[in-house]
Amino acid sequence: MSNFQSYRRVVRIFLIVTAIVLPFIKINGNHLLIFDIYTFEFHIFGLVLQINQFLPLLALALFITFLFLYITVTFGRIWCGWLCPQSVSMEVTSFMDKFSKNAISIKVLKLILVYFISLLIAANILLYFIPYEIFFKSLTGEHFSRGIFISLMVLGTLLFLNFWLVRYRFCATVCPYSMLQSMLFDKHTLAVWMIPETRDECIKCMACVKVCSTGIDIRQGQNSACINCAKCIDACADVMAKKGKKSLFAYRFGENNIKNFTRFSSIVSMFLAIVSFVVFILVAFNTKNVQVEVIPYKKFLPRYVGDFAANGFILVVENSDNVNKKIKIELRDMTEYEITPDSMFEVGADSKKDFTFFIKIKKNIVEGKPILNLKMRILNITDNKEEIKDLSFRRPFDSKGKKQ
Ligand code: SF4
Ligand code: SF4
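Since the structure is predicted, the reported quantities are computational estimates derived from the model, not experimental observations.

Topic: the overall build of the protein chain
And then number 1: Per the secondary structure count, the protein chain includes 13 helices and 16 strands.
And then number 2: In terms of overall dimensions, the protein chain is more spread out than a globule: its C-alpha atoms have a radius of gyration of 32 Å, far above the 22 Å expected for 404 residues.
And then number 3: Dimensions of the protein chain, computed from C-alpha atoms along their principal axes, come out at roughly 105 × 55 × 30 Å.
And then number 4: Here the protein chain, with 404 residues, has 42% of them falling under the buried criterion.
And then number 5: Taking the contacts inside the protein chain whose residues are at least 6 apart along the sequence as the reference set, 65% of them involve residues at least 24 apart.
And then number 6: Roughly 22,300 Å² of accessible area belongs to the protein chain as shown, and the carbon and sulfur atoms make up 64% of that amount.
And then number 7: Measuring between centres, the 49 positive side-chain charges of the protein chain sit 7 Å from its 32 negative side-chain charges.

A word on the state of the cysteines
And then number 1: Considering all chains together, one arrives at zero disulfides under this definition.
And then number 2: Here cysteine 80 stays unpaired: no disulfide links it, and the sulfur of cysteine 175, its closest cysteine neighbor, is 5.9 Å away.
And then number 3: By relative accessible area, cysteine 80 is classed as buried at 6%.

Let's talk about the site of ligand 2
And then number 1: Around ligand 2, the surrounding shell consists of Met194, Cys202, Ile203, Lys204, Cys205, Met206, Ala207, Cys208, Arg219, Cys236 and Phe249.
And then number 2: Partitioning the shell around ligand 2 into residue classes produces nine nonpolar, no polar and two charged.

Considerations on helix H12 (residues 264-285)
And then number 1: With 22 residues, H12 extends 32 Å from end C-alpha to end C-alpha; this agrees with the ideal 32 Å at 1.5 Å per step.
And then number 2: On the buried face of H12, the contacting elements are strand S4 (41-44), strand S5 (47-50) and helix H2 (54-75).

Quick look at the site of ligand 1
And then number 1: Close contacts around ligand 1 come from Val192, Cys212, Thr214, Ile216, Ile218, Cys226, Ile227, Asn228, Cys229, Ala230, Lys231 and Cys232, and that covers them all.
And then number 2: Of the residues in the shell around ligand 1, the class split is nine nonpolar, two polar and one charged.

Looking at the packing of helix H1 (residues 3-21) against helix H11 (residues 231-241)
And then number 1: Here H1 crosses H11 at 140°, and the two axes come no closer than 7 Å. Overall, the two elements H1 and H11 adopt an arrangement that is oblique. On H11, the residues touching Asn3, Phe4, Gln5 and Arg8 of H1 are Lys231, Ile233 and Asp234.
And then number 2: By residue class, the composition of the contact of H1 with H11 is two nonpolar, two polar and three charged.

Some thoughts on the domain arrangement of the protein chain
And then number 1: Taken domain by domain, the protein chain consists of domain 1 (3-280) and domain 2 (290-394).
And then number 2: Taking only C-alpha atoms into account, the centre of domain 1 sits 53 Å from that of domain 2.
And then number 3: Listed as interface residues are seven residues of domain 1 and, on the opposing side, five residues of domain 2.
And then number 4: Carbon and sulfur atoms make up 22% of the area that domain 1 and domain 2 hide from each other, which totals about 350 Å².
And then number 5: The three residues of domain 1 that bury the most area against domain 2 are Asn30, Glu41 and Gln50, which together make up 58% of that side's buried surface.
And then number 6: Taken together, the connections running from domain 1 to domain 2 amount to zero salt bridges.
And then number 7: Across the domain 1-domain 2 interface, the total number found is zero residue pairs in polar contact (both at pLDDT 80 or more).
And then number 8: Tallied by class, the residues present in the side of domain 1 that touches domain 2 amount to one nonpolar, five polar and one charged.

Some words on the nonpolar core
Nonpolar side chains tend toward joint burial in soluble globular proteins.
And then number 1: Core analysis: the biggest nonpolar cluster contains 26 residues, and Leu315, Phe357, Ile359, Ile361, Leu374, Met376 and Phe393 have the highest contact counts within it.
And then number 2: Broken down by secondary-structure element, the contributors of at least two residues to this core are strand S8 (290-296), strand S10 (308-319), strand S11 (325-332), strand S13 (344-347), strand S14 (351-362), helix H13 (363-366), strand S15 (371-380) and strand S16 (385-394).
And then number 3: Residues contacting phenylalanine 393, with those up to four places away along its chain left out, are Ala309, Ala310, Asn311, Phe313, Ile359, Ile361, Val366, Pro370, Ile371, Leu372 and Leu374.
And then number 4: Core analysis: the second largest hydrophobic core is formed by 24 residues, Leu190, Cys212, Cys236 and Met240 among them.

Looking at a nonpolar patch on the surface
And then number 1: Where nonpolar side chains cluster on the molecular surface, the patch consists of Ile13, Ile16, Val17, Ile20, Val21, Phe24, Ile25, Ile27, Val92 and Phe136 and spans about 760 Å² of accessible area.
And then number 2: Among the elements that make up the nonpolar patch, the one with the highest residue count is H1 (five residues).
And then number 3: Relative to the helices and strands, valine 21 resides in helix H1.

A closer look at the pairing of S15
And then number 1: In terms of strand pairing, S11 meets S15 through six bridges, oriented antiparallel. Looking at S15, one finds that lysine 328 is bridged to leucine 379.
And then number 2: Alignment of S15 against S16, held across ten bridges, turns out to be antiparallel. In the strand pairing of S16, lysine 375 is matched with aspartate 390.
And then number 3: Two successive antiparallel strands, S15 and S16, enclose a turn made up of four residues, where asparagine 384 displays a positive phi of approximately 55°.

Cut-off values and rules
Residues numbered from 1 in each chain as written. Chains lettered and ligands numbered in written order. Predicted model: local features only at pLDDT ≥ 70, side-chain atom pairs only at ≥ 80, totals over all residues. Heavy atoms only, no water. Helix = DSSP H or I, 4+ residues; strand = E, 2+ residues; numbered from the N terminus. Rg over C-alpha atoms; globule rule 2.2 N^0.38 Å. Buried < 20%, exposed > 50% of the residue type's maximum accessible area, 1.4 Å probe, protein only. Contact = heavy atoms within 4.5 Å. Areas by Shrake-Rupley, 256 points an atom, 1.4 Å probe, with all protein chains shown as cover. Lys, Arg positive; Asp, Glu negative; His and termini not counted. Charge placed at Lys NZ, Arg CZ, Asp CG, Glu CD. Disulfide = S-S within 2.5 Å. Near = heavy atom within 4 Å. Nonpolar A, V, L, I, M, F, W, Y, C, P; charged D, E, K, R; others polar. Expected span 1.5 Å × (residues − 1). Axes fitted to C-alpha atoms, helices over the stretch in contact; angles between N-to-C directions. Parallel < 35°, antiparallel > 145°, perpendicular 65-115°, else oblique. Domains from an automatic or database assignment. Buried area = accessible area lost by both parts, 1.4 Å probe. Salt bridge = Lys/Arg side-chain N within 4 Å of Asp/Glu carboxyl O. Polar contact = N/O pair within 3.5 Å; in protein donor to acceptor, adjacent residues only side chain to side chain. Core = buried A, V, L, I, M, F, W, Y, C linked by side-chain atoms within 4.5 Å. Patch = residues over 30% accessible without salt bridge, like charges linked within 9 Å, V, L, I, M, F, W, Y side chains within 5 Å. Pairing = 2+ DSSP bridges.

Structure (structure tokens):
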């Protein structure tokens, strides 16, 4: 085997191991990378982003988009030939390539094997959406989930049909990324080309055509169906080696192999990818995993209690982290007040809780003011963070219904 296919095999093994291991890695109790469909939370780098946390998810989507644009403009379909899960799967199931020429018994064995591989890949894909703790329990014993089992079988069957009947035709025809690539391709984009100066050395052995993943003849010139897999480079290298020559094909930045990494489209897409990544990191690491809200407790009318005026409030705490949080509340810029029945609260992991509390302020402070604008300090003791909320404290009515 010639060089590029050996490198592709190493890359493939790395990608497969990474894809298998990733859903099982956790950081601080959160997954390294999954979208949990039960909680609608996106776990990335051990951070947990709620689906309604629009800004970090938008920045992440923009980063992925601009990165793909940059890679596509500069390196063409290198993603397709080297990294895309579809082409990696095609190589894993490459024993299906000569399927039609096999004896019936071999065909049956190959179909059983490819169906088994399809189910494993389907399970791996589902683990990016269903936490592994739930997934494995759901397929066995008393926790059996028919929904998860059906999802596995349906996805596995679709992959099986893809591996059996569609194969590289997907890359050459319906893949949306291939269409995008056709639009972004320019005269400096990396692609597999026949080296113009060596064109006359071709002995028309057709090895490059026979080995081509998508069944094209790249000698005729660039073709949008080419996925940059480099099989033709290696096949031709094997043929030409017998003549003491090199492959007539090569990866080239355009037919004339002129590198231009500073062209407008490359620079802009790279710049936007870097900016959106920085924004994502800044926003994601500053995203709160504890949301707090303070609202008036409407069932409790403001009233006097001894020397104090009292108002009721409800503290709503939503904790999307996987550890309990201790919350303390106090008033800022105010000394003569009380918070009852408690000013310390605890909220369990991944839960939302309401706490009713009452603020009592010395009568003489509220007199003459229909509304006191208060600043409430909400301390997240667990994470050592604080937040300030504005509260309106209403002066109570007296027994005759007049504000005192
Ligand atoms: S032309 Fe070469 S690089 Fe392109 S798909 Fe065919 S074998 Fe792969
Ligand atoms: S493998 Fe090389 S020598 Fe053979 S047909 Fe293709 S380009 Fe020509």
